[in-house]
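Residue-level listing of the chains:
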Amino acid sequence: MSDQPKQKPRILSGMQPTGGLHIGNYLGALKNWVNLVNAGEHEALFCIVDAHAITIDYDPQQLKQRILDAAVSYIAAGLDPEKCTIFVQSDVPQHTELAWYLSAVTPMGDLNRMTQFKEKSDEHKENVNAGLFTYPILMAADILVYRATVVPVGDDQVQHLELTREIARRFNHRFKALFPEPKPLLSAAPRIMGVDGKTKMSKSRGNSIDLLDTPKAVEKKIKSAFTDPNKLRQGDAGNPDICNIFTIHKSVSSPAEVEQIDRDCRSGALGCGTCKALLCTNLNRELDPIRERAAALGADRKRVLEILDNGREQATRLAERTMRDVRKTMGLGTGHYKK
Ligand code: TYM
């Protein structure tokens, strides 16, 4: 038997720096990342996917700041840079290099089926660029360049993960089995709806509660949030299964509270006003320390850049190892020849 320590499974995930993160990003993914890192059973890398963010109209000056803001949010939410690697996607050009190579084994038909492309091209009709279409190939490269097997995400990314597995299979079949097939790992809240109750929470739809919103702003948004439309008056029975307020409760309230809310909402004993007030208290209790850490870290730009620089070094080392195998296997370049 080998006495080598067993290699831990590798996690890779990321978020776009398109404005501040919202509680959908936090409860749907980031909180899960923090728990996974603290459990210590994986080797974990988290990137800020800035190269994905340029597929919609953007301001370069603003993007610079948003990258740093995203890093601050990652760390303030509890990601410990001593226990995982935090870096910026475009600081590791091996991602975009691999994306180009993978595009040669990705059928157009597969990209055509991506619902996020359809949604985004409807939302940004004036700028439907090729990058928006090939975006899932870059996402596949983000994961495969580290040969990661576990990808903690919300449920809107599951289709992209299916495509990533398909791309890995096609590459392995055409060339050599270099890539494992990564699987999504969903959190307990894989889809948080917006406060309008109509669509998924998303910054661009203006229906979000933001991770760094003030307690007052959180309260105001929750007060006006959509609930079960059949529960009109105090005393009416409601259905927590279709209420977004209940979904958020499940992520931030105690199991005993959740059980009581479920029971009392169904019986009509609990009104929406009281239920929302409890959610405000519990959500703000969870967000308070994140806001505090973000304020302190946001003022320490040097520390943030230092963390990202260490992350870049570590990620580049791992990514380049894969790329040497990829170039050699595909017959590209001369850098791998023995001198
Ligand atoms: P992005 O930036 O849209 O979202 C980041 C993460 O947050 C989750 N999420 C949500 N979860 C629950 N409810 C919501 N309302 C909600 N909104 C967002 C997303 O599922 C995601 O996990 N393509 C990706 C970024 C990406 C990536 C990757 C992810 C690029 N490369 C490699 C994993 C691995 C995206 O646009 O996520």
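See the structure printed just above.
Since the structure is predicted, the reported quantities are computational estimates derived from the model, not experimental observations. (Residues numbered from 1 in each chain as written. Predicted model: local features only at pLDDT ≥ 70, side-chain atom pairs only at ≥ 80, totals over all residues. Heavy atoms only, no water.)

### Comments concerning the overall build of the protein chain
- A tally of helices and strands in the protein chain yields 13 helices and five strands.
- The C-alpha atoms of the protein chain give 22 Å as radius of gyration, which agrees with the globular expectation for 339 residues (20 Å, within 12%).
- Considering only C-alpha atoms, the protein chain reaches an extent of 80 × 50 × 40 Å along its principal axes.
- Within the span of the protein chain, comprising 339 residues, buried residues form 48% of the whole.
- The contacts in the protein chain between residues at least 6 apart in sequence include a share of 78% that link residues at least 24 apart.
- Just so you have it, the protein chain exposes about 17,100 Å², and 52% of that area is on carbon and sulfur atoms.
- Averaging the positions of the 47 positive and the 42 negative side-chain charges in the protein chain gives two centres separated by 3 Å. (Helix = DSSP H or I, 4+ residues; strand = E, 2+ residues; numbered from the N terminus. Rg over C-alpha atoms; globule rule 2.2 N^0.38 Å. Buried < 20%, exposed > 50% of the residue type's maximum accessible area, 1.4 Å probe, protein only. Contact = heavy atoms within 4.5 Å. Areas by Shrake-Rupley, 256 points an atom, 1.4 Å probe, with all protein chains shown as cover. Lys, Arg positive; Asp, Glu negative; His and termini not counted. Charge placed at Lys NZ, Arg CZ, Asp CG, Glu CD.)

### A word on the packing of helix H10 (residues 244–252) against helix H12 (residues 272–298)
- Between H10 and H12, the least distance of the axes is 10 Å, while the angle of their chain directions is 40°. Taken as axis vectors, H10 and H12 run oblique relative to one another. Viewed along their axes, H10 and H12 form a crossing whose handedness is left-handed. Here Ile245, Ile248, His249, Ser251 and Val252 of H10 come into contact with H12, specifically with Cys275, Lys276, Leu278, Leu279, Asn282, Leu283, Arg285 and Glu286.
- Among the residues forming the contact of H10 with H12, the class breakdown is seven nonpolar, three polar and three charged. (Axes fitted to C-alpha atoms, helices over the stretch in contact; angles between N-to-C directions. Parallel < 35°, antiparallel > 145°, perpendicular 65-115°, else oblique. Left-handed = near helix turned anticlockwise from the far one by under 90°. Nonpolar A, V, L, I, M, F, W, Y, C, P; charged D, E, K, R; others polar.)

### Examining the pattern of salt bridges
- In the structure shown here, the tally under the stated rule is 23 salt bridges.
- Where Arg327 meets Glu97, a salt bridge forms, and the shortest distance between an N and an O atom there is 2.8 Å. Note that Arg327 is positioned in helix H13 (residues 301–330) and Glu97 in helix H4 (residues 94–103), a separation of 230 residues in sequence.
- A relative accessible area of 21% places Glu97 in the partly exposed class.
- In this structure, Glu166 and Arg170 form a salt bridge, with 3.1 Å as the shortest nitrogen-oxygen distance. Linking Glu166 with Arg170, this pair stays in helix H8 (residues 158–174), spanning four residues, or about one helical turn.
- Residue classification places Glu166 among the partly exposed positions, given a relative accessible area of 23%.
- Here the salt bridges do not stand alone but share partners, grouping Glu97, Glu320, Arg324 and Arg327 into one network. (Salt bridge = Lys/Arg side-chain N within 4 Å of Asp/Glu carboxyl O.)

### Quick notes on helix H6 (residues 115–123)
- Of the residues making up H6, those classed as buried are Gln116, Phe117 and Ser121. Down the axis, H6 shows its buried residues gathered within 125° of arc, on one side only.
- The elements touched by buried residues of H6 are helix H7 (130–144) and H8. (Arc of directions from axis to C-beta.)

### A short note on the packing of aromatic side chains
- For the coordinates displayed, the defined rule picks out six aromatic pairs.
- Measuring from ring centre to ring centre gives 5.2 Å for Trp33 and Tyr74, while their planes differ by 85°; the resulting arrangement is edge-to-face. Remark: Tyr74 occurs in helix H3 (residues 60–76) and Trp33 occurs in helix H1 (residues 23–39); sequence separation between them is 41 residues.
- Judged by relative accessible area, which is 0%, Tyr74 ranks as buried.
- Relative to Phe175, the ring of Phe171 lies with its centre 4.9 Å away and its plane at 45°, an arrangement referred to as tilted. (Phe/Tyr/Trp six-rings, centres within 6.5 Å; stacked < 30°, edge-to-face > 60°.)

### A closer look at the site of the ligand
- Near the ligand there are 27 residues, and of these Tyr135, Asp142, Gly154, Asp156 and Ile192 occur at the shortest range.
- Contact distances for the ligand include 3.2 Å between a nitrogen atom and a backbone N or O atom of Gly24.
- One of the side-chain nitrogen or oxygen atoms of Gln157 is found 3.0 Å away from a nitrogen atom of the ligand.
- The residue makeup of the shell around the ligand, split by class, is 13 nonpolar, 10 polar and four charged. (Near = heavy atom within 4 Å. Polar contact = N/O pair within 3.5 Å; in protein donor to acceptor, adjacent residues only side chain to side chain.)

### Brief notes about the environment of Val151
- With respect to the helices and strands, Val151 occurs in strand E4 (residues 150–153).
- Through-space distance from the C-alpha of Val151 to that of Ala29 is 9.8 Å; in sequence the pair is 122 residues apart.
- Not counting the four nearest positions on each side in its chain, Val151 is found in contact with Leu12, Ser13, Ile143, Leu161, Pro182, Lys183, Pro184 and Leu185.

### Describing the nonpolar core
- Among the nonpolar cores identified, the biggest contains 59 residues, and Leu30, Phe46, Tyr74 and Leu79 are the most heavily contacted of them.
- Each of domain 1 (10–192 + 301–337) and domain 2 (215–296) contributes no fewer than three residues to this core.
- Listed in part, the 42 residues of the second largest apolar core include Ala51, Leu102, Leu144 and Ala315. (Core = buried A, V, L, I, M, F, W, Y, C linked by side-chain atoms within 4.5 Å. Domains from an automatic or database assignment.)

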